[in-house]
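In case you want the letters, here they are:
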Amino acid sequence: MKKVYETALKAIQNIPDGASLLVGGFGLCGIPENAISALKQKGIKNLTCISNNAGVDDFGLGLLLQTRQIKKMIASYVGENKEFERQYLAKELEVELVPQGTLAERIRSAGAGIPAFWTATGVGTQVAEGKEKREFEGQTYVMETALKADFALVKAWKGDRFGNLIYKQTARNFNPLMAMAGKVTVAEVEELVEPGELDPDQIHTPAIFVQRVFEGKNYEKRIEELTLRES
C-alpha cells in the first residue's frame, strides 16, 4: 500500500465538503500546518473540526475560520481568536465545548473501540445537559460518547514511509490519540525517513494507524505568547 504523498494537497485531495476532521495540536504546538494550508487552498467547506483549540486569527484553524470553511468546532479552548468570537456571537458557527480531559478521553475511546464512558467531570453544569447520568458508589456520573471523525490530520517530528511516527516533546499531545480515531489518518512529518531508521522503542504511533504520510515544509513553530523578563 502506497502511503507517501508528494505534497499536502495530494494527501488531502479527496477530503469532501462536509467532512469531520480531527486536527492535532495543543495551543500552537504540534499543528498540521501544511495540511491546514492545503485545506484552505482547496476550498473544502462545511467542515466539522475537532481540536483542542481553534488556533489564532491568522494561524492554525484560524485560517479556515477566516475563509468560513468551518461550520462546527468541537474544542476545549476557544480564546485568543477574535474571528471565532465574532462568528459564534453572530450564530454563524456551531460550537461544542468539551472539558479538555473529557475531549482527550472521547478521542482515545474512539481509537480503542470503546463507544462510551462515565465521568464526573461536568456534572451539574451545561456540559451534562441532555446526557445520560448514573450514580456509582454515591457519586453522580455523566455518560460521554466516543469521538471519531472521517479524517485525522496529525503532525509528527519524524516518520517513515510505512507511517510509523515519532512526536517531539509537547507535540505529543492530542496527535497520538487522534491518529487512532480517524477513519483515514493523514500525517505530516518534519523529516521523512526510510523504514528501519526509527528506533522501534521510540515510535509513538505505529504505522497501522496511518494511511497517508508526507514531508511538510516551511514550519513556523510559533510561540503563542512571548514573555520577557524586564532588564
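Another point: the overall build of the protein. In terms of helices and strands, the protein carries six helices and eleven strands. Scaling as 2.2 N^0.38, a compact globule of 231 residues should have a C-alpha radius of gyration of about 17 Å, and the protein matches this with 18 Å. Considered along the principal axes of its C-alpha atoms, the protein spans approximately 55 × 50 × 40 Å. The buried share of the protein, taken over its 231 residues, is 47%. On the protein, roughly 12,000 Å² of surface is accessible, and the fraction owed to carbon and sulfur atoms is 48%. Measuring between centres, the 29 positive side-chain charges of the protein sit 5 Å from its 31 negative side-chain charges.

Our focus in this paragraph is the packing of aromatic side chains. For the structure on display, the rule yields two aromatic pairs. Ring plane angle 65° and centroid distance 5.6 Å describe the contact between tryptophan 118 and phenylalanine 136, whose orientation is recorded as edge-to-face. Here tryptophan 118 is found in strand 5 (residues 116-119), whereas its partner phenylalanine 136 is found in strand 6 (residues 133-136), with 18 residues between them in sequence. The partly exposed category is assigned to tryptophan 118, whose relative accessible area is 27%. Residue classification places phenylalanine 136 among the partly exposed residues on the basis of a relative accessible area of 33%. Measuring from centroid to centroid gives 5.6 Å for phenylalanine 136 and tyrosine 141, while their planes differ by 75°, and the two rings are edge-to-face. On the accessibility criterion, tyrosine 141 (22% relative accessible area) is partly exposed.

An α-helix turns once every 3.6 residues. As a result, residues three or four positions apart point the same way. Those residues of helix 4 (residues 82-89) that sit buried are Glu83, Phe84 and Gln87. Burial along helix 4 is one-sided: seen end-on, the buried residues are contained in an arc of 105°. Seen from the open side of helix 4, the exposed residues pointing more than 90 degrees away from its buried face are Lys82 and Leu89. For helix 4, the N-terminal cap is asparagine 81; the gap from its side-chain oxygen to the backbone nitrogen of glutamate 83 is 3.3 Å.

This part is about the nonpolar core. Membership of the largest hydrophobic core comes to 33 residues, with the highest contact counts inside it found for Ile15, Leu21 and Met73. Put simply, the parts of the chain that give this core at least two residues each are helix 1 (8-11), strand 1 (20-23), helix 2 (33-42), strand 2 (47-50), helix 3 (62-66), strand 3 (70-75), strand 8 (149-160) and strand 10 (182-193). Setting aside anything within four residues of it in sequence, one finds leucine 21 in contact with Ile15, Leu39, Leu47, Thr48, Cys49, Ile50, Ala149, Phe151 and Leu153. Counting 24 residues, the second largest nonpolar core, distinct from the first, contains Ala110, Ala149, Ala152 and Val154.

A word on unusual backbone geometry. A positive phi is found at lysine 91, a non-glycine position, where the angle reads about 60°. On the secondary structure map, lysine 91 appears in the loop between helix 4 and strand 4 (94-97). For lysine 91, a relative accessible area of 77% translates into the label exposed. In the Ramachandran plot, asparagine 218 falls in the positive-phi region, its phi being about 55° despite a non-glycine side chain. On the basis of relative accessible area, asparagine 218 is assigned to the exposed category, the value being 67%.

The next subject is the side chain of lysine 3. Inspection of the secondary structure assignment puts lysine 3 in the segment before helix 1. One buried charged side chain, lysine 3, makes no salt bridge at all; its nearest oppositely charged neighbour is aspartate 160, positioned 7.4 Å away. A polar side-chain atom of lysine 3 sits 2.9 Å from the main-chain carbonyl oxygen of alanine 207.

Cut-offs and rules
Residues numbered from 1 in each chain as written. Predicted model: local features only at pLDDT ≥ 70, side-chain atom pairs only at ≥ 80, totals over all residues. Heavy atoms only, no water. Helix = DSSP H or I, 4+ residues; strand = E, 2+ residues; numbered from the N terminus. Rg over C-alpha atoms; globule rule 2.2 N^0.38 Å. Buried < 20%, exposed > 50% of the residue type's maximum accessible area, 1.4 Å probe, protein only. Areas by Shrake-Rupley, 256 points an atom, 1.4 Å probe, with all protein chains shown as cover. Lys, Arg positive; Asp, Glu negative; His and termini not counted. Charge placed at Lys NZ, Arg CZ, Asp CG, Glu CD. Phe/Tyr/Trp six-rings, centres within 6.5 Å; stacked < 30°, edge-to-face > 60°. Arc of directions from axis to C-beta. Polar contact = N/O pair within 3.5 Å; in protein donor to acceptor, adjacent residues only side chain to side chain. Core = buried A, V, L, I, M, F, W, Y, C linked by side-chain atoms within 4.5 Å. Contact = heavy atoms within 4.5 Å. Salt bridge = Lys/Arg side-chain N within 4 Å of Asp/Glu carboxyl O.

Treat this as a map of the structure, not an account of what it does.
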